[in-house]
Amino acid sequence: MSATVNAEQRWQLPPAGVSQSAHGGVGLIQVPTARMASEGNLSINYSDNEEYRFWTVSTQLFPWLEATVRYTDVRTRLYSNDPGFSGDQTLKDKGIDAKFRLRQESKWLPEVAVGLRDLGGTGFFESEFAVLSKKFGDFDLHLGLGWGYLGNAANITNPFCSLAESFCLRAADVGQGGTVKYDNFFKGSASVYGGIEYQTSWQPLRLKLEYEGNNYLDDAAGALAQDSRWNLGAVYHWRDFDFSLNYQRGNTLGFGVSYALNLHNAAGYKVKPPLRDVPAEPKVAQFDQVQREQLIYDLLYQAGFLVKSSALADGVLTVYGNQIAYRDHEEALERIGRILAAELPADITTYKIVNLNGNIPMLESVIDASEFKAVARNERLGAPFTSTYVRQDVSAQSLADFKPLVTKGFYTNMELFWIQTFGSPEEFYMYQGGVILGAGYSFNPNWALHASSKVTLIENFDKFNFTVDAFDTGLPRVRTYIREYVTRSKITLDTLYGNWQERLAPNLYGQLYAGYLEAMYGGVGGEVMYRPVDSNWAVGFDLNYVRQRSYENDFSFFDYKVLTGHANIYWKPDFLPDTQLTFNVGRFLAKDLGVNVDFAKRFNSGIVMGAYAAITDVSSEQYGEGSFTKGFYISIPFDLFSITPATGRGKLPWIPISRDGGQMLNRPSMLYNMTEQRSPFFD
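Residues numbered from 1 in each chain as written. Predicted model: local features only at pLDDT ≥ 70, side-chain atom pairs only at ≥ 80, totals over all residues. Heavy atoms only, no water.

## Details of the pairing of strand β6 (residues 127-136)
Point 1. Taken together, the seven bridges between strand β5 (residues 111-117) and β6 define a ladder with antiparallel strand orientation. The residue of β6 that forms the bridge with V114 is A130.
Point 2. In the sheet, β6 pairs with strand β7 (residues 139-148) via ten bridges, with the strands oriented antiparallel. Bridge assignment links F129 to a residue of β7, and that residue is G146.
Point 3. Counted between consecutive antiparallel strands, the loop separating β6 from β7 contains two residues, among which G137 sits at a positive phi close to 60°. (Pairing = 2+ DSSP bridges. Helix = DSSP H or I, 4+ residues; strand = E, 2+ residues; numbered from the N terminus.)

## A look at the sheet that holds strand β12 (residues 252-262)
Point 1. The strand order around the closed barrel built from twelve strands is β1-β2-β3-β4-β5-β6-β7-β8-β9-β10-β11-β12, with neighbouring strands paired in antiparallel fashion. Taking each pair of neighbouring strands and ignoring which way they run, the sheet shows an average axis angle of 20°.
Point 2. Strand direction decides the pairing type here: strand β8 (residues 190-199) and strand β9 (residues 205-211), joined by six bridges, are antiparallel. Note that in β9 the partner of G195 across the bridge is E210. (Axes fitted to C-alpha atoms, helices over the stretch in contact; angles between N-to-C directions.)

## Remarks on helix α3 (residues 292-303)
Point 1. Across its twelve residues, α3 extends 15 Å between first and last C-alpha, which sits within 8% of the 16 Å expected from 1.5 Å per residue.
Point 2. Three or more residues of α3 are buried, namely L295, D298, L299, Q302 and A303. Down the axis of α3, the smallest arc covering the buried residues is 100°, so these residues share one side. Across α3 from its buried face, at more than 90 degrees, point the exposed residues E293 and Y301.
Point 3. Check the buried side of α3 and you find it contacts β13 (305-313), β14 (316-323) and α4 (329-343).
Point 4. In the segment just after α3, G304 is the residue with positive phi, at about 65°. (Expected span 1.5 Å × (residues − 1). Buried < 20%, exposed > 50% of the residue type's maximum accessible area, 1.4 Å probe, protein only. Arc of directions from axis to C-beta. Contact = heavy atoms within 4.5 Å.)

## Quick notes on the packing of aromatic side chains
Point 1. Evaluated as defined, the whole model comprises 42 aromatic pairs.
Point 2. For the pair Y485 and Y551, a centre-to-centre distance of 5.6 Å together with 85° between the ring planes defines the contact as edge-to-face. Residue Y485 is located in helix α7 (residues 482-487), and its partner Y551 is located in the loop between β24 (537-549) and β25 (557-571); the two are separated by 66 residues in the primary sequence.
Point 3. Feature note: the residues Y46, W55, Y71, F255, F428, F632 and W654 constitute an aromatic cluster, connected by ring pairs.
Point 4. Over the ring of Y216 we find R249, and its NZ or CZ is 5.1 Å from the ring centre.
Point 5. When the ring centre of Y672 is taken as origin, the NZ or CZ atom of R531, which lies over that ring, is 3.7 Å away. (Phe/Tyr/Trp six-rings, centres within 6.5 Å; stacked < 30°, edge-to-face > 60°. Lys NZ or Arg CZ within 6 Å of the ring centre and 35° of its normal.)

## Considerations on the packing of α4 against helix α5 (residues 369-376)
Point 1. In contact at an axis separation of 10 Å, α4 and α5 are set at 100° when each is read in the N-to-C sense. Of the possible angle classes, the one that applies to α4 and α5 is roughly perpendicular. Every residue of α5 that contacts α4 at E334, G337, R338 and A341 is listed here: F372, K373 and A376.
Point 2. In terms of residue class, the contact of α4 with α5 is made up of three nonpolar, one polar and three charged. (Parallel < 35°, antiparallel > 145°, perpendicular 65-115°, else oblique. Nonpolar A, V, L, I, M, F, W, Y, C, P; charged D, E, K, R; others polar.)

## As for the sheet that holds strand β15 (residues 350-357)
Point 1. What the five strands build is an open sheet, ordered β13-β14-β15-β16-β17; its pairing is mixed. Two strands in the sheet have a free side with no partner beyond their single neighbour: β13 and β17 (389-392). Within the sheet, the average angular offset between the axes of one strand and its neighbour, ignoring direction, is 20°.
Point 2. Two strands pair when backbone bridges link them, and strand β16 (residues 360-368) and β17 are joined in this way by four bridges, in the antiparallel orientation. Paired with S365 across the bridge in β17 is R391.

## A word on a nonpolar patch on the surface
Point 1. Residues L209, W230, L232, L245, Y247, L253 and F255 make up a contiguous nonpolar surface patch of roughly 720 Å² in combined accessible area.
Point 2. Positionally, L245 belongs in strand β11 (residues 241-248). (Patch = residues over 30% accessible without salt bridge, like charges linked within 9 Å, V, L, I, M, F, W, Y side chains within 5 Å. Areas by Shrake-Rupley, 256 points an atom, 1.4 Å probe, with all protein chains shown as cover. Salt bridge = Lys/Arg side-chain N within 4 Å of Asp/Glu carboxyl O.)

Put into structure tokens, the structure is as follows:
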């Protein structure tokens, strides 16, 4: 029997699960342990003591990887010494942590993990650690070795000093902040730390005792009194909440609350029509007996499939349409197949479902009618519906037969928007929300004119004390005028552009666009993309010549112009399940050259969490505070909030600091989004 199986049998999460440390991430009070939460766990935490408040979000991205983002309020220091800049707001600091499990616990050996705290931050809590965890009955024992903040007490000699003298020293300067200080890893003072967590006989209650390796003499809040290196605490679990109380440093009372949910299991209540039964005998003998209007109605309201056209030849019925509900492609296709199998005569042996984006064919699913009916009637015990059809590129015959009834006309749409920023000097949390009203006209299946207007309904951006910062990096200000753009008016013209899109060849798509392309830029551009059906990769190229729009009115431009474009590679690696890596290599808006890397993890619920970073030939000194462009986001399907099946999703971004290096054009139309159904990741 493998060690992994042993671990799963011998180490089980306690009934209340694991608990979070004060800094976020699974741990005791101040120190991390080797334990991990269940995969997909998202924990939102607040902890408080005399000098600090921590707001943290910790996510178990994989069974072996925990990631934590944190905002710290340092109560003993002001944000700045300039009241006109930040008033009496206290200092805020942001940080990122990561913990990696090296092995699971087995019968004789402990769980082992290593981790990094305050990775790429300002260095307030910068640390590295290696830790072991082993369970004995109701006791969970932990022993670790910490460097940096976790090792300031220096209760042992850094073991790596014996390898090289450079490991004995740790640099204190973090420069502009935001960079990963690889040269500091496992250097400087080191301390042993440890502790015990005890699951009491009363299941909601756990007790904690820890010995920490920090002496608090060189703390961000100032030198703090430490009467003891032993901390003790208790955690009470109620439903999805943990309430913690602790006593730290022999003189400080702390408390916290955590809320946890699992992103794999997130779901909303749904009202759906029942699946159609497939009768043993067909309802009609010939196709001209089918009630076609009712069939189209059923496909729309029972399967979310809006029929645009159809063709029948040699026993093959091809139906063209848009999937406007049921984001699960397998469920949508099963519903479509059941309706067709129930309504069509037996001499139609093949159903072809051609999914469109607008009026452009994207994907063809070919259903074997007899096999599908057998599975629907449970005549193929255990056989899935996926065995009855194939997904493929749209065939030449289906393309030739496609004759949409409506190819031009007006359309409208509306979507919500939400802009947020954390840690601004004027206010910790600032926001702007409202609606984007869209309209357009399609001239034919390929050409259209689009327009959108942003209407702000709620915000606190009026608290901004300044617009453009005074920090001169020598870079063109391609994004740092953002405050002027978002505060100029409650109603602004967001986009106004013409767009041409076409399927150029098998698996190959292209588009051209021109006009006001985003809130800050207008111009012309184009893109091509090669994306095979159900492939784990795709590649595309975009090229754009744009000019910076004026923030003084909707229609004027500033003088700044740039040719920008990228080679775009999209890859779903087999070794990282439900994960997509995107590489955008090329020239950015500030004329800098480099690559933007995006990491996205999809959970079973359809929620996607992602992070990105742009590394270009702009130095950290030129870039300014933050050192390089980076950000995080969570993408949530609308389906989770509607009581009826839906498609589409919303995106909540978190950008710690946005400056001018590594900035991409926000193209209004992207072929990867347009062709999503060919190899779904987000939907």
